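# Structural features, examined
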Amino acid sequence: MPRSPRVAILYCPACRWVARAAWMGQEILTTFGSALGEVALVPAGRGVFQVWLDGECLHDRAAAGGFPETKPIKQMIRDRIDPDRDLGHSEG
């Protein structure tokens, strides 16, 4: 059963983006750890790479014209789940 806050990383398996999705998930887990309820890797349609937090799309590769950088993704997650958290080197 999914727990909140839930990060879902949707990726295109046909595009072989599972490693990129797993790396993004690892970066998010390393930063937020047990402050998150779940980080899920979700196979999706052709060309899809999206990062979602509790039903809100934080990044859509197609709309943004490219893959997300970890720094802004971490900042968006922090701003929503723990605004007082210091992200250290990811902050600047």
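Heads up: the structure comes first, above all this text.
Report on the accompanying structure. All figures in this text were calculated on a predicted structure; none of them were measured in a lab.

Another aspect to go through is helix 3 (residues 70-81). With twelve residues, helix 3 should cover 16 Å at 1.5 Å per step; its first-to-last C-alpha distance of 16 Å lies within 8% of that length. Three or more residues of helix 3 are buried, namely Thr 70, Ile 73, Lys 74, Gln 75, Ile 77 and Arg 78. Taken together, the buried residues of helix 3 touch strand 1 (6-11), helix 1 (18-32), strand 3 (49-53) and strand 4 (56-60).

Let us look at the side chain of Arg 78. Tracing the chain through its elements places Arg 78 in helix 3. At 2.7 Å, the side chain of Arg 78 and the side chain of Asp 79 are in polar contact.

Another aspect to go through is unusual backbone geometry. Positive phi, normally seen in glycine, also occurs at Arg 16, with a value near 65°. Position of Arg 16 among the secondary structure elements: in the loop between strand 1 and helix 1. Positioned with a positive phi, Asp 54 is a non-glycine residue whose angle comes to about 45°. Residue position: Asp 54 is located in the loop between strand 3 and strand 4. For Asp 54, a relative accessible area of 44% translates into the label partly exposed.

Membership of the largest hydrophobic core comes to 17 residues, with the highest contact counts inside it found for Val 7, Ile 9, Ile 28, Phe 49, Ile 73 and Ile 77. For this core, the secondary-structure elements that each account for two or more residues are strand 1, helix 1, strand 3 and helix 3. Examining the composition of this core, we find that four residues originate from one element, helix 1, more than from any other. If we ignore the near neighbours within four places in the chain, the residues touching Ile 28 are Val 7, Ile 9, Gly 33, Leu 36, Val 39, Ile 73 and Ile 77.

The next thing to look at is the sheet that holds strand 1. One open sheet accounts for four strands, arranged 2-1-3-4; its pairing is mixed. In this open sheet, the two strands that pair with only one neighbour each are strand 2 (38-43) and strand 4. Here the strands of the sheet are splayed against their neighbours by 20° on average, with no regard to which way each runs. Lying on the sheet, helix 1 is in contact with strand 1, strand 2 and strand 3; it crosses strand 1 at an angle near 165°.

Cut-offs applied
Residues numbered from 1 in each chain as written. Predicted model: local features only at pLDDT ≥ 70, side-chain atom pairs only at ≥ 80, totals over all residues. Heavy atoms only, no water. Helix = DSSP H or I, 4+ residues; strand = E, 2+ residues; numbered from the N terminus. Expected span 1.5 Å × (residues − 1). Buried < 20%, exposed > 50% of the residue type's maximum accessible area, 1.4 Å probe, protein only. Contact = heavy atoms within 4.5 Å. Polar contact = N/O pair within 3.5 Å; in protein donor to acceptor, adjacent residues only side chain to side chain. Core = buried A, V, L, I, M, F, W, Y, C linked by side-chain atoms within 4.5 Å. Pairing = 2+ DSSP bridges. Axes fitted to C-alpha atoms, helices over the stretch in contact; angles between N-to-C directions.

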